[in-house]
Amino acid sequence: MTDRDATPLTPRIGEPAPDFEAETTHGILRLEDFRESWLVLFSHPADFTPVCATELIAFAGAREKLRAMRCELLGLSVDSVFSHIAWVRSLESRFAVTIDFPLVADVTGEMARRYGMLMSAESPNEPVRMTYVIDDRGIVRAFSAYPMTTGRDVGEIVRLVAALQATDAHGVATPAGWKPGEPVLAPPPRTQAMAEERAKAGGAACPDWYFCKKETS
Ligand code: BEZ
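Residues numbered from 1 in each chain as written. Predicted model: local features only at pLDDT ≥ 70, side-chain atom pairs only at ≥ 80, totals over all residues. Heavy atoms only, no water.

1. Overview of the overall build of the protein chain
Helices and strands together make up the secondary structure of the protein chain, namely six helices and nine strands. Each principal axis of the C-alpha atoms in the protein chain carries an extent, and together these give about 65 × 50 × 30 Å. Partitioning the intrachain contacts of the protein chain with sequence separation of at least 6 by distance along the chain shows that 65% fall at a separation of at least 24. For the protein chain, the accessible area works out to roughly 11,500 Å², and carbon and sulfur atoms hold 55% of it. Both charge centroids of the protein chain, one from 23 positive and one from 30 negative side chains, sit 4 Å from each other. (Helix = DSSP H or I, 4+ residues; strand = E, 2+ residues; numbered from the N terminus. Contact = heavy atoms within 4.5 Å. Areas by Shrake-Rupley, 256 points an atom, 1.4 Å probe, with all protein chains shown as cover. Lys, Arg positive; Asp, Glu negative; His and termini not counted. Charge placed at Lys NZ, Arg CZ, Asp CG, Glu CD.)

2. Comments concerning the layout of surface pockets
It is a probe the size of a water molecule, rolled over the atoms, that shows where empty space is left. Looking at the largest pocket, its volume works out to about 150 Å³. Listing elements by their share of the lining of the largest pocket, those giving two or more residues are α2 (50-68) and α5 (154-170). In terms of residue count, α5 provides more of the lining of the largest pocket than any other element does, five residues in total. Residue composition of the lining of the largest pocket, by class: six nonpolar, two polar and two charged. (1 Å grid on protein atoms, 1.4 Å probe; cavity = no way out; pocket = protein on both sides within 12 Å on 5 of 7 lines; lining within 4 Å. Points joined across faces, edges and corners; volume = space filled by probe spheres on them. Nonpolar A, V, L, I, M, F, W, Y, C, P; charged D, E, K, R; others polar.)

3. With respect to the domain arrangement of the protein chain
Looking at the assigned domains, one finds that the protein chain contains domain 1 (21-152) and domain 2 (171-217). Its C-alpha centre places domain 1 at a distance of 36 Å from the equivalent point of domain 2. (Domains from an automatic or database assignment.)

4. Regarding empty space enclosed by the protein
Evaluated as defined, the whole model comprises one cavity of 30 Å³ or more. One number sums up the size of the largest cavity: a volume of about 30 Å³. As for the largest cavity, its lining consists of Leu31, Phe34, Arg35, Ser37, Trp38, Leu39, Ile134, Asp135 and Gly138. Partitioning the lining of the largest cavity into residue classes produces five nonpolar, two polar and two charged.

5. A short note on the state of the cysteines
Across all of its chains, the model carries one disulfide by this definition. Cys206 shares a disulfide with Cys212; S-S distance 1.8 Å. Torsion about the S-S bond of the Cys206 and Cys212 cystine: about 115°, corresponding to right-handed handedness. Assigned by exposure class, Cys206 and Cys212 land together as buried. Cys52 takes part in no disulfide bond, and the closest cysteine sulfur to it belongs to Cys71, at a distance of 20 Å. (Disulfide = S-S within 2.5 Å. Buried < 20%, exposed > 50% of the residue type's maximum accessible area, 1.4 Å probe, protein only.)

What follows is the structure, given as structure tokens:
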């Protein structure tokens, strides 16, 4: 069995995101509907549950920031569209938020299966908290999986999208905990000649041949 066979239905970083045509609270949506933008696709175990509620509220709070980064949001669970509508109405009235991003009603679990969101040891039929960052070419750029009992840090997801976009815009890598506006890192040299060049640059920005900081602005 190859490594690929072990998790045949989980999209990997750098691969095209699986196509979908899904019933959502905003009508039928397809992957191609998001081609003009980046997409954060996130699954949650179930509507009307407390951790999921805090996550939806947090995603709603990050909505404008993500929009400014040309990034859309799409939630998913195996609940029906009627359940989603009722839950969104409840969240909006109880927590004074606006949930204006769509939620997929994946009642058959087909889309969750294609995206590797069902992990039977955690739950036989409810998705775990999986997050995919898909770029504007439909390529999976990052993903994470959290268990049912742990809510995600939506600020970290926003930071991740910003870091990926900075990498694309400037051809750089971003250090641990990087935030927009902070120095970035030159990708490591892959030839001796490049290493020599970096070593010669020296100074505070380049303390060693493999470690060179850069400004993006
Ligand atoms: C929750 O969102 O609170 C939750 C959902 C499923 C299992 C455990 C917690």
